[in-house]
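Report on the structure
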Protein chains: 2
Amino acid sequence: MTAQPDTPAKDARRILISVDAMGGDNGAGAVIAGMAMSAEKNPDIGYILHGPRAELEPLVARRAGLSERIHAWHDVSEVVTMEDKPSHVVRHGSGTSMWSAIDSVRDGQAKAAVSCGNTGALMAISTIRLRRLPGVNRPAIAILWPSRNPQGFNVMLDVGADVRADARDLLQFALMGASYARNGMDLPRPRIGLLNVGTEEHKGRPELKEAHALISQYTETGRFDFVGFVEGSDLPGNTADVIVTDGFTGNVAIKTGEGTANLITDLLREAFKFSILSRIAALLALPSLGRLRKRVDPRRVNGGVFLGLNGTVVKSHGKADAIGVSAAIKLAFQLAQSGFAEKLAARVASVGEHAQNDAELPGKAADVHNEGQA
Amino acid sequence: MTAQPDTPAKDARRILISVDAMGGDNGAGAVIAGMAMSAEKNPDIGYILHGPRAELEPLVARRAGLSERIHAWHDVSEVVTMEDKPSHVVRHGSGTSMWSAIDSVRDGQAKAAVSCGNTGALMAISTIRLRRLPGVNRPAIAILWPSRNPQGFNVMLDVGADVRADARDLLQFALMGASYARNGMDLPRPRIGLLNVGTEEHKGRPELKEAHALISQYTETGRFDFVGFVEGSDLPGNTADVIVTDGFTGNVAIKTGEGTANLITDLLREAFKFSILSRIAALLALPSLGRLRKRVDPRRVNGGVFLGLNGTVVKSHGKADAIGVSAAIKLAFQLAQSGFAEKLAARVASVGEHAQNDAELPGKAADVHNEGQA
């Protein structure tokens, strides 16, 4: 747009995002539309596209300029459905668009992958194909949640529905979440909170008390501030930038919050349909409501990031429309551009070494890491 | 209001509610104001009031007609604070207004107790003073949550921050929640859902799968429909009338939902302050917003009910104002009037017997219970 003219040939400087076109609730059309939207806004994005080419090609052809941004097609016919069990997909899913999309990251062709499909299957495939970072026991999914923070959002992890997390896992989540907040939200020293049913130190499950003690020791190594226990009300609050919890609790919390927000929005719409006067009021209120919507629209912060793997995977909401898919692609691009995967790996590794060599002096280790915003 | 004239003397037919005037965030003033509000609306409510009489008497005197509704004063000077540990209160709290309020239920003077104080302490005192119903291992706190149901609310339990619940506890919650929905919401056959991270039967923690199997067996005995696993998004939805979960998850879920609802409300207010046009729109929109507020105002459904004890205890929100306290008193009155405590006890006992004698034929036992809406 500014100095560089549009290049008609494929631009080798582009950052390539691997996109699974299939498996979302709104079909491939929404994914292709989101790809076109992102491509239009950002000349540095290129795609590797996965799915049945005969079905996708007409959809792509309809979007001006999109075809030129697709650097490679992977013509795969099988699709992971929302009903497929992760264990089944891991054994029989190698012919699916999801598997193919992850393999493009594994092979180094793409810097990050995006899928709207089955979360459990995506995590299972990502884990076996990309493998965990050394030192990470349990990969996590981090999301952004509208909040009263200056940046407008908090990070929460894990929301991945994993059934358990011990104190060590929660420490890893804190370290990975801090790294994500630094790279994704530009916070040099994020505030970490540990989700509990009260802020007093005697409250909660035994593993939470243990995690509290453990995370406190790693504030210098992990370059974060630890605000201690936080409650559900702090998730949309301004107490912490990163909220750490197990995947079960996190999953229930975001779905409850999301459902409640949707209920309020729907009731607001109903309230404005009540009378002729309220309909006129609604017309006048449209810009105000638009500002509100923009602020809390979950589509604009669409994208759960998988943390703890050798590569960046962004899980878009299954119900995402074009705007949602575009937001997920933008997030994948930002993380790829910042070299997040490499920084996170370095961060986790350094803490692993620190834990082995220097557990008694957590403060000292901070000085030896100078890889920047990891 | 209709046939009966106001009686100047204390009316013996009144249902007495025991009120802890102390320990709420807004002080005794909010509690007394809420008592006055309830008394004015409902001539059948009488009070037993607990707290330092010298402090409370001037507050009561300011409310016309309230003094006449107070059937007994318990002049106690100590107060349970929000910081007090439940274990400490159980040992040293016998001189507090909270303890005294529960003892009025224990002694049969009052039909139900209401407190705005420390939840953990209130549960601990209630449990040791009122004791558990035979067959109940873990008492639970049930709340109402705005939803898309015809009745406008779902019941969720447990939200009491208890750290664990096994399959047997979750079954008890289902039975108690069904009984509460029948008596508190007039639903002859409530739909019960078990909170999980997905609706597929293979998902979630082991105790949830076990509870799923167990609850399925008790639909006839407990007179409810079991809709199986539900997700966080179903809490404000129309899938179930009663959502069963452990106290940790429930507590995090409601605080997240509440916090998110508050954030949206505040942002809505901000959005309407943006420009002169939006301020005019806000004026016109006031009735619509008022309707919305009325529908989701947490003060109007204020009151966590303790289930599984020999007596009814309603925990009002610590931040409750007069409207909130009045709603909690109204709920306590309704439950007392319906004979809920006795019906719940009969229901739990009958299931206990059934489980011992007749575990293989859960359907048969339903016919032998004819104590009405228990």
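Here the structure is a predicted model, which is why all the values come from computation and not from measurement.

The rules behind the values
Throughout this document, residue positions are counted from 1 along each chain, in the order its sequence is written. Written order determines the labels here, with chains lettered from A and ligands numbered from 1. Predicted model: local features are reported for residues with pLDDT of at least 70 only, side-chain atom pairs are reported and counted for 80 or more only, and whole-chain, interface and lining totals are derived from all residues. Based on all heavy atoms of the structure, the side-chain values leave hydrogens and waters out of the count. Note on contacts: a residue pair qualifies if any of its non-hydrogen atoms lie within 4.5 Å across the two residues. Put simply, buried area is the surface a 1.4 Å probe can reach on two separate parts but cannot reach once they are joined, added for both. We define a salt bridge as a contact between a side-chain nitrogen of Lys or Arg and a carboxyl oxygen of Asp or Glu at a distance within 4 Å. Between N or O atoms, a polar contact is any pair within 3.5 Å; within protein, one atom must be a potential hydrogen donor and the other a potential acceptor, and residues adjacent in sequence are included only when both atoms are from side chains. A run of H or I in DSSP becomes a helix once it reaches four residues, and a run of E becomes a strand once it reaches two; helices and strands are each numbered from the N terminus. Three residue categories are used. Nonpolar comprises Ala, Val, Leu, Ile, Met, Phe, Trp, Tyr, Cys and Pro, charged comprises Asp, Glu, Lys and Arg, and polar comprises the others, including Gly. Per the annotation, domain bounds derive from an automatic or database assignment of domains. For the exposure calls, accessible area comes from a 1.4 Å probe over protein chains only, and a residue counts as buried if that area is under 20% of its type's maximum, exposed if over 50%, partly exposed in between.

1. A closer look at the interface of chain B and chain A
Listed by partner, the interface residues are 55 residues for chain B and 55 residues for chain A. Ranking the residues of chain B by area buried against chain A places Val197, Arg205 and Phe248 of chain B at the top, with a combined share of 14%. For the pair chain B and chain A, the number of links is 8 salt bridges. Salt-bridge contacts for Lys255 of chain A lead to Glu231 of chain B; the nearest nitrogen and oxygen are separated by 2.2 Å. Counting the contacts that link chain B with chain A gives 12 residue pairs in polar contact (both at pLDDT 80 or more). Where the side of chain B that touches chain A is concerned, the elements lending two or more residues are β5 (140–146), α8 (206–217), α9 (247–272) and α10 (276–296) of chain B. Looking at which element gives the most residues to the side of chain B that touches chain A, the answer is α9 of chain B, with 19 residues. Looking at the side of chain B that touches chain A, its residues break down into 28 nonpolar, 15 polar and 12 charged.

2. Overview of the domain arrangement of chain A
Residues and elements named next belong to chain A. Domain boundaries assigned for chain A yield domain 1 (15–131 + 309–338) and domain 2 (140–299). Facing the 10 residues of domain 1 at the interface are 7 residues of domain 2. When the buried surface of domain 1 facing domain 2 is broken down by residue, Met123, Ile323 and Leu335 rank first, second and third, together holding 38% of it. Between the two partners, domain 1 and domain 2, sit 0 salt bridges. Breaking the side of domain 1 that touches domain 2 down by element, the ones donating at least two residues are α6 (119–130) and α11 (322–337).

3. A word on unusual backbone geometry
All names here are of chain A. The omega torsion across Leu157 and Asp158 is -5°, close enough to zero to call that bond cis. With respect to the secondary-structure elements, Asp158 resides in the loop between β6 (153–157) and α7 (167–185). Notably, Arg223 is not glycine yet its phi reads approximately 50°, a positive angle. In this structure Arg223 comes out as partly exposed when scored by relative accessible area, which is 23%.

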